[in-house]
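# Descriptive analysis of the structure
The chain contents come next:
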Amino acid sequence: MKPDLFEAPDYYNLDELLTEEHKLVRDAAREWVKRDVSPIIEEAAQNAEFPKSIIGGLAEIGAFGPYIPEEYGGAGLDQISYGLIMQEIERGDSGVRSTASVQSSLVMYPIWKYGNEAQRNKYLPKLASGEWIGSFGLTEPDHGSNPGGMTTNFKDMGDHYLLNGAKMWISNAPFCQIAVVWAKNEEGRIHGLIVERGMEGFTTPETHNKWSLRASATGELIFDNVKIPKENLLPNKSGLGAPLGCLDSARFGIAWGAIGAAMDCYDTALRYSKERIQFGKPIGQFQLQQKKLAEMITEITKAQLLAWRLGVMRENGTATSAQISMAKRNNVEMAINIAREARQMLGGMGITGEYSIMRHSMNLESVITYEGTHDIHLLITGMDVTGLNAFK
């Protein structure tokens, strides 16, 4: 792996829109990625292993629940800080960002927002410190884009609930200590349950043979008559809107994270274009290569502005789910297109692990699908602007 020489592009001086705290948070995450992620991530991806050694570092830079109040172990930061941390982590690797996103937005967020005080005090500090890693169980083998069709269910047995069903494509599943699982009660109402490692009948087989997110651990959550204590039910919100609220937070983080992957590909291609000599001059001097680079920085700049504005609205509570969908869809598409163009600029070297581009490109194939597929987000925007529901 080459030394991490990354320099972040800021063509429109967006740093001027950030507070000093924002920049301190971002720079701390950036330096940690350079020091602790970049040197090991290629080997981890090649070996299809999540580097558990970085969990402590993720906690130290505030990547686990950045916006969770300090009283529960979080950093108490704002939404733009959360976005910037996700941007820097995904600049290192989408799989590492996935681990942080799931922990923050899909495990800590519902416990904080939908849980009671006892649940917040029991789980959030251990999740914030990285002592515990969590996973989020919504997607099922037969229900992806239609989570309301889930069949995972629980029954009231008097002094406990009995949970049955299965979830798949679950980040962190193979080594999670807890899982926030969404299931239907006997009336068909969706609720969140906290399932803990060690509960009889709860297993988490790992998913193998992935070509994407290889440095992230993915698995299933299987529930075979799992007894869930009644105090593990999230009491303050139910219905499909509860898990979708978590997904809003996760998608917001992805909209920022994808920018990091794009910036890394652009920076790599820009540096290579100045060093690679063909026909007696740097390839960056050729018009077609300049076209690619000019389009890359333009799209990155547009995505940065979109994410920043969304962060302002998210912080003041005015961002809608549809606006978050637009940013997730646009920014991931931007990133995957830049990864493909950057790979071409590097020629054959672009497919090797000596550079990060091919790894980013493969990772983004998952990012463009998870937390709402590319096409589903398009329909969410379409429904928002027309008022007509294409899902029915």
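Residues numbered from 1 in each chain as written. Predicted model: local features only at pLDDT ≥ 70, side-chain atom pairs only at ≥ 80, totals over all residues. Heavy atoms only, no water.

Named according to an unreviewed UniProt entry, the protein is glutaryl-CoA dehydrogenase (ETF) originating from Bizionia hallyeonensis.

## Some details on the overall build of the protein
Within the protein, the secondary structure is distributed over 10 helices and 9 strands. Its C-alpha radius of gyration of 21 Å places the protein within 12% of the 21 Å reference for a compact globule of 392 residues. Taking the principal axes of the C-alpha coordinates as reference, the protein spans close to 80 × 45 × 40 Å. Considering only residue pairs separated by 6 or more positions, the protein has 75% of its internal contacts joining residues 24 or more positions apart. When the accessible surface of the protein is totalled, it reaches about 16700 Å², and 51% of it is carbon and sulfur. Of the charged side chains in the protein, 39 are positive and 48 negative, and the gap between their average positions amounts to 4 Å. (Helix = DSSP H or I, 4+ residues; strand = E, 2+ residues; numbered from the N terminus. Rg over C-alpha atoms; globule rule 2.2 N^0.38 Å. Contact = heavy atoms within 4.5 Å. Areas by Shrake-Rupley, 256 points an atom, 1.4 Å probe, with all protein chains shown as cover. Lys, Arg positive; Asp, Glu negative; His and termini not counted. Charge placed at Lys NZ, Arg CZ, Asp CG, Glu CD.)

## Structural notes on helix H6 (residues 241-275)
In this model H6 runs 51 Å from its N-terminal to its C-terminal C-alpha over 35 residues, within 8% of the 51 Å that 1.5 Å per residue would give. In terms of burial, H6 is a largely internal element, 29 of the 35 residues being buried. (Expected span 1.5 Å × (residues − 1). Buried < 20%, exposed > 50% of the residue type's maximum accessible area, 1.4 Å probe, protein only.)

## Quick look at the layout of surface pockets
In this structure, the largest pocket spans a volume of roughly 1200 Å³. Around the largest pocket, the lining comprises 43 residues; the ones closest to its centre are Thr-139, Gly-144, Arg-251, Glu-371 and Gly-372. When contributions to the lining of the largest pocket are tallied by element, the ones reaching two or more residues are helix H4 (94-114), strand E3 (160-171), H6, helix H8 (321-345) and helix H10 (374-386). Here the residues of the lining of the largest pocket sort into 18 nonpolar, 18 polar and 7 charged. Around the second largest pocket sit 20 residues that line it, and Lys-2, Pro-3, Thr-268, Arg-271 and Tyr-355 are the ones nearest its centre. If you list the elements that add at least two residues to the lining of the second largest pocket, you get helix H1 (20-46), helix H3 (79-92) and H6. (1 Å grid on protein atoms, 1.4 Å probe; cavity = no way out; pocket = protein on both sides within 12 Å on 5 of 7 lines; lining within 4 Å. Points joined across faces, edges and corners; volume = space filled by probe spheres on them. Nonpolar A, V, L, I, M, F, W, Y, C, P; charged D, E, K, R; others polar.)

## What to know about the packing of H1 against H3
Closest axis-to-axis distance for the H1/H3 pair is 8 Å, and the angle between their directions is 20 degrees. Accordingly, the angle class assigned to the pair H1 and H3 is roughly parallel. Crossing hand, H1 versus H3: right-handed. Across from His-22, Val-25, Arg-26, Ala-29, Arg-30, Val-33, Lys-34, Val-37, Ser-38 and Ile-41 in H1, the residues of H3 making contact are Ile-80, Ser-81, Leu-84, Ile-85, Gln-87, Glu-88, Ile-89, Arg-91 and Gly-92. Considered class by class, the residues forming the contact of H1 with H3 number 9 nonpolar, 5 polar and 5 charged. (Axes fitted to C-alpha atoms, helices over the stretch in contact; angles between N-to-C directions. Parallel < 35°, antiparallel > 145°, perpendicular 65-115°, else oblique. Left-handed = near helix turned anticlockwise from the far one by under 90°.)

## Quick notes on the nonpolar core
Membership of the largest hydrophobic core comes to 100 residues, with the highest contact counts inside it found for Ile-89, Ile-111, Leu-127 and Trp-182. In terms of residue count, H6 provides more of this core than any other element does, 17 residues in total. With sequence-adjacent residues up to four places away left out, Ile-111 is seen in contact with Gln-119, Arg-120, Tyr-123, Leu-124, Leu-127, Ile-178, Val-180, Ile-194 and Leu-234. Formed by 17 residues, the second largest nonpolar core is a distinct cluster that contains Phe-154, Tyr-161, Val-195 and Ile-228. (Core = buried A, V, L, I, M, F, W, Y, C linked by side-chain atoms within 4.5 Å.)

## Side note on the side chain of Thr-301
Along the chain, the position of Thr-301 falls in helix H7 (residues 287-316). Excluding residues within four positions of it along the chain, Thr-301 makes contact with Tyr-11 and Tyr-12.

## Overview of the pattern of salt bridges
Pairing of side chains with opposite charge becomes possible as their charged atoms draw close. With the rule as written, the count across this model stands at 18 salt bridges. Across the salt bridge formed by Lys-230 and Asp-156, the nearest N and O atoms sit 2.9 Å from each other. Of this pair, Lys-230 sits in the loop between strand E7 (218-229) and H6 while Asp-156 sits in strand E2 (residues 153-156), and the two are 74 residues apart along the sequence. The class of Asp-156 is partly exposed, set by a relative accessible area of 40%. Where Arg-340 meets Glu-365, a salt bridge forms, and the shortest distance between an N and an O atom there is 2.7 Å. Note that Arg-340 is positioned in helix H8 and Glu-365 in helix H9 (residues 357-367), a separation of 25 residues in sequence. Judged by relative accessible area, which is 38%, Glu-365 ranks as partly exposed. One connected set of salt bridges, linked through shared partners, spans Asp-4, Arg-91 and Asp-264. (Salt bridge = Lys/Arg side-chain N within 4 Å of Asp/Glu carboxyl O.)

## Re H1
The terminal C-alpha atoms of H1, which comprises 27 residues, lie 38 Å apart, in line with the 39 Å expected from a rise of 1.5 Å per residue. Along H1, the sharpest change in direction is near 50 degrees and occurs at Val-37; proline Pro-39 comes one to four residues later. Within two residues after H1, Ala-48 carries a phi angle of roughly 55 degrees, on the positive side. (Bend = angle between axes of the 7 residues up to and from the residue.)

## Side note on a nonpolar patch on the surface
On the surface, a nonpolar cluster with roughly 450 Å² of combined accessible area is contributed by Tyr-11, Tyr-12, Leu-17 and Leu-305. Its place among the elements puts Leu-17 in the segment before H1. Relative accessible area serves as the criterion here: at 39%, Leu-17 is assigned to the partly exposed category. (Patch = residues over 30% accessible without salt bridge, like charges linked within 9 Å, V, L, I, M, F, W, Y side chains within 5 Å.)

## Quick word on the UniProt feature "domain: Acyl-CoA dehydrogenase/oxidase C-terminal" (unreviewed entry) in the protein
Summarizing the sequence annotation, UniProt attributes the feature "domain: Acyl-CoA dehydrogenase/oxidase C-terminal" (unreviewed entry) to residues 238-383 in the numbering used throughout. Between the first and last C-alpha atoms of residues 238-383 the distance is 24 Å; the span itself is 76% helix and 3% strand. (UniProt positions renumbered as here; feature names shortened; annotations may be inferred.)

## Details of unusual backbone geometry
Unlike most non-glycine residues, Trp-169 shows phi in positive territory, near 60 degrees. Looking at the element boundaries, Trp-169 is found in strand E3. In this model, Asn-172 sits at a positive phi of 75 degrees, which is unusual for a non-glycine residue. By secondary structure assignment, the location of Asn-172 is in the loop between E3 and strand E4 (178-184).

## A few points about the packing of H4 against H9
Where H4 meets H9, the closest approach of the two axes is 9 Å, and the angle between their N-to-C directions is 35 degrees. Taking contact as the criterion, the partners of Ser-94, Gly-95 and Arg-97 in H4 are, on H9, Asn-363, Leu-364 and Val-367.

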